[in-house]
Amino acid sequence: MVAASTAVVVLSLIAVSVPVVGLALAVLCIAVPIVVNRPLLLVYATVVAAFTTVPAAVPTTVVLGSYSVRLYEVLLVVAFACVVATRPAGRAVRVAEALIYGVLALWSIVGVANGNEIGWVLADVRPLVLLALAFGIAGRLAGGPAAGVVIRLMVPVLWISAVLTVLGSAAGLPISGREELASLSLAADAATRLLSPATYASVGVICIAVALLIMGRASLRGTLPWLLPAVIIVGLSFSRNAVISIAVAVLVGLLASRSTRSWFRSAGYAAALLAFGALAWGIISATSAVPVSAWMLQQAESFAGRVVEGISSTAIAADGSARYRLDQEDPHLWS
């Protein structure tokens, strides 16, 4: 009783003097008992924090001294510790983890030995370590009920992100992520390109759905709750990398199915997609005076200019970003 009363007094004093710290401690006092009883909630919270697009006003980073980390990074580390402590890994997962961490450690040492600053090496390795932690969690939960929860959880995550992405593009709502003109020439009349936390997760969702559809392992109706918001998010990102990734997923699906039916199935989906695109283009062109149609027309024209035409060798030759990679970064990578 005395300890509880003392804790309440201390928390109250901290909350008055440093409100942010007091709030954080109060949240921890509430969250810790819940997490102890249901540690997998940390995994679900990590997924939501990592992949949900939020308004720019919502804080997504935690400042620790001179360093800043994403909220999902903190959750990921704690979730990894909880999962490792409660879920044993199979031999394949343990071997893969040893290889991943071994490679990261080896080449980090090589980088430092070659004269690179430790800070730069750590910055380069950081996203790969996060990927390794996520792999460790996924490897221990794959095939279990938790994996199904994560898959279902992605539906609201994608839809919330899609709605906010559309509002960011059409209404100018500032959202978390990066915003720029969707034009290789940075033309002022181009659409707004939005890259958010949901962008690359959406690319992954589309690739998985496309491969399953081609292989006949899923129906379009069954994948639509994930596929539709993911297409909206990726479409408004105007990313050429996404198109290449989806093309690779199509190829993998065709090769993995080992059936001529998959080729006919793919041709059918492609024909339906082209027919739907032509119909939609005709409707928005005929109603271009309507604000919604005008916005959609601008997105379609910018997508065709930046993504479809941007993959050609002619466009890449005139693309400053691509030329920088080819002329500046590639020689350094090879050396």
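Cut-offs used in this document
- Residues numbered from 1 in each chain as written.
- Predicted model: local features only at pLDDT ≥ 70, side-chain atom pairs only at ≥ 80, totals over all residues.
- Heavy atoms only, no water.
- Helix = DSSP H or I, 4+ residues; strand = E, 2+ residues; numbered from the N terminus.
- Buried < 20%, exposed > 50% of the residue type's maximum accessible area, 1.4 Å probe, protein only.
- Areas by Shrake-Rupley, 256 points an atom, 1.4 Å probe, with all protein chains shown as cover.
- Polar contact = N/O pair within 3.5 Å; in protein donor to acceptor, adjacent residues only side chain to side chain.
- Contact = heavy atoms within 4.5 Å.
- Salt bridge = Lys/Arg side-chain N within 4 Å of Asp/Glu carboxyl O.
- Expected span 1.5 Å × (residues − 1).
- Arc of directions from axis to C-beta.
- Axes fitted to C-alpha atoms, helices over the stretch in contact; angles between N-to-C directions.
- Parallel < 35°, antiparallel > 145°, perpendicular 65-115°, else oblique.
- Left-handed = near helix turned anticlockwise from the far one by under 90°.

Hey, could you run me through the overall build of the protein chain in this one?
Scanning the protein chain from terminus to terminus reveals 14 helices and 4 strands. Here the protein chain, with 335 residues, has 29% of them falling under the buried criterion. Total accessible area computed for the protein chain in this model is approximately 20,600 Å², and 72% of it derives from carbon and sulfur atoms.

What exactly am I supposed to notice about the side chain of Ser-161 here?
Its place among the elements puts Ser-161 in helix H7 (residues 145-170). Residue Ser-161 is classed as buried on the basis of its relative accessible area of 0%. Looking at Ser-161, its side chain comes within polar contact range of the main-chain nitrogen of Thr-53, at 2.9 Å. Look past the residues within four positions of Ser-161 in its chain and what remains in contact with it is Phe-51, Thr-52, Thr-53, Ala-198 and Ile-233.

What should I look at first to understand the pattern of salt bridges in this one?
Pairing is possible between side chains of opposite charge, provided their charged atoms come close. For the structure shown, the criterion picks out 2 salt bridges. Salt-bridge contacts for Glu-73 lead to Arg-126; the nearest nitrogen and oxygen are separated by 2.6 Å. A residue pair is termed long-range when its members are at least 10 positions apart, and Glu-73 in helix H4 (residues 71-86) and Arg-126 in helix H6 (residues 118-141) qualify at 53 residues. Its salt-bridge partner being Glu-97, residue Arg-140 comes within 2.9 Å of it at the nearest N-O pair. With Arg-140 in helix H6 and Glu-97 in helix H5 (residues 91-113), this residue pair connects regions lying 43 residues apart in the sequence. For the pair Arg-140 and Glu-97, one class covers both residues: buried.

Any chance you could explain H4 here in plain terms?
Since there are 3.6 residues in each turn of an α-helix, residues three or four apart along the chain are aligned in direction. Compared with an ideal rise of 1.5 Å per residue, which puts 16 residues at 22 Å, H4 spans 23 Å between its outermost C-alpha atoms and is within 8% of the ideal. Within H4, the full set of buried residues consists of Glu-73, Leu-75, Leu-76, Ala-79, Phe-80 and Val-83. One face of H4 carries all of its buried residues, which in axial projection span an arc of 155°. Taken together, the buried residues of H4 touch helix H3 (40-51), strand E2 (67-70), H5 and H6.

Help me understand the packing of H4 against H6 in this model?
Where H4 contacts H6, the two axes come as close as 10 Å, and the packing angle between them is 40°. Considered as vectors, H4 and H6 are oriented oblique to each other. Where H4 crosses over H6, the handedness of that crossing is left-handed. The segment H4 lies against H6, with Tyr-72, Glu-73, Leu-76, Val-77, Ala-79, Phe-80, Val-83 and Val-84 engaging Arg-126, Leu-130, Leu-133, Ala-134, Gly-136, Ile-137, Arg-140 and Leu-141.

Just to check I follow, could you spell out unusual backbone geometry for this structure?
With glycine set apart, most residues show a phi of negative sign, and most peptide bonds adopt trans. Within the chain, Phe-238 stands out as a residue other than glycine whose phi angle is a positive 50°. The topology assignment puts Phe-238 in the loop between helix H9 (220-235) and helix H10 (240-257). Owing to a relative accessible area of 1%, Phe-238 belongs among the buried residues under this scheme.

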